[in-house]
Amino acid sequence: MEEPIIKPQALRPGDTIGIAAPASPFDQKAFKGGIAVIKSMGYRVKIPDSIFKAQGYLAGSDAERAELLMNLFTDESVKAILCARGGFGSMKLLPLLDFEAIRANAKILMGFSDITALLVAICDRCRIVTFHGPLVTTLKKDRGKTCSAFVEAVSSGTPLVLKPTLPEVLSPGKASGILMGGNLTSLCHLLGTPYEPDFNGRLLFLEDRQEAPYRIDRMFSQLHLSGHLDGVGGVILGTFEACGSLDDVYAIVKEVFRHTGIPILAGFELGHGTENLTVPIGLEAKMNTEDGSLRFRESAVLEGH
């Protein structure tokens with residue numbers, strides 16, 4: 001029997017969001033634009049001095065980036081953590097994190113792309129709901145649905161319902177399970193490590209960017225041959241931005257699950273597209289291809305401080 005999932009406290013106007021840089025350095029203009037968006041939504045921001053460090057393709061050393069993230073978790077004035085950028089480097093922090101301290105200081109952690117490594121590992125090790133959603137540097141891309149979905153996910157006591165604008169049913173049906181997943185490439189890089197995710201009985205959510213169809217096929221083949229797709233209850237597909245023909249990508253997904261009969265629903269605005277809606281990782285949901293919906297059974301956050 002799995003331990004009950006811990007839901008973080010809801011974010012309220014005036015609460016402080018701490019900014020972490022667990023992966024690559026970031027563009028200053030995009031960063032400032034994202035900070036302005038956060039403030040316009042009514043939140044305060046805490047930006048640690050060390051966030052601006054750069055060590056080649058990393059935002060500081062592994063130890064520095066891990067310390068920054070841990071400090072934000074243990075800082076009682078910080079109510080949520082939003083990551084500045086993806087890129088690469090999140091998985092290198094995993095052995096340096098104090099998962100017991102994170103569990104004791106459960107709070108909203110949000111990001112996507114390379115941040116997937118943190119989202120799934122912290123969800124698994126700490127039994128905390130994490131949030132697949134925008135980064136500081138991507139927030140200004142869409143001030144509409146992306147921002148409203150952000151606020152709803154982190155502050156609403158109502159269970160979330162997500163429906164793609166243009167749903168595509170690759171395999172019909174209904175399924176229930178805990179939503180798990182994120183960036184396909186990042187998930188594959190965790191295989192064979194102590195932090196590899198468990199998709200058994202889960203609704204598997206996947207998205208990616210700039211991966212040619214043959215690379216998508218190779219990653220799905222790796223997941224399949226390693227047994228990680230055995231027991232998946234259903235599949236939710238976000239955006240596959242600049243991954244060649246979507247028809248080719250969808251054909252690969254259909255083929256790998258062809259003998260399972262599980263439902264597969266594509267077209268969700270989740271990931272690297274202009275719109276990037278926020279979705280909780282680690283929470284029970286139900287997918288239904290008839291009405292093109294992903295419905296969570298409970299809210300993603302606890303109301304009241």
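See the structure above.
These lines cover the structure that appears in this document, whether it is placed above or below. (Residues numbered from 1 in each chain as written. Predicted model: local features only at pLDDT ≥ 70, side-chain atom pairs only at ≥ 80, totals over all residues. Heavy atoms only, no water.)

Focus on the pattern of salt bridges
The full count for this structure, using the stated rule, is 13 salt bridges. Across the pair K92 and D62 runs a salt bridge, and its minimum N-O distance is 3.5 Å. On the criterion of sequence distance, the pair formed by K92 in helix α3 (residues 90–93) and D62 in helix α2 (residues 62–74) is long-range, its members being 30 residues apart. On the basis of relative accessible area, K92 is assigned to the partly exposed category, the value being 31%. For D62, a relative accessible area of 22% puts it in the partly exposed group. (Salt bridge = Lys/Arg side-chain N within 4 Å of Asp/Glu carboxyl O. Helix = DSSP H or I, 4+ residues; strand = E, 2+ residues; numbered from the N terminus. Buried < 20%, exposed > 50% of the residue type's maximum accessible area, 1.4 Å probe, protein only.)

Examining the pairing of strand β9 (residues 203–209)
Along any regular strand the residues' side chains alternate between the sheet's two faces. Burial analysis of β9 places 6 of its 7 residues in the buried class, the great majority of the element. Where strand β8 (residues 174–183) and β9 come together, 5 bridges link them in parallel fashion. From the neighbouring strand, N183 faces β9, where its bridge partner is E207. Here 6 bridges tie β9 to strand β10 (residues 234–241), and the two strands are oriented parallel to one another. (Pairing = 2+ DSSP bridges.)

Things to note about unusual backbone geometry
Its identity as a non-glycine residue notwithstanding, Q210 has a phi of 55°, on the positive side. Looking at the element boundaries, Q210 is found in the loop between β9 and α8 (213–225). Residue class for Q210 comes out exposed when judged on its relative accessible area of 51%. Backbone geometry places A242, a non-glycine residue, at a positive phi of 55°. Mapped onto the elements of the fold, A242 is located in the loop between β10 and α9 (246–256).

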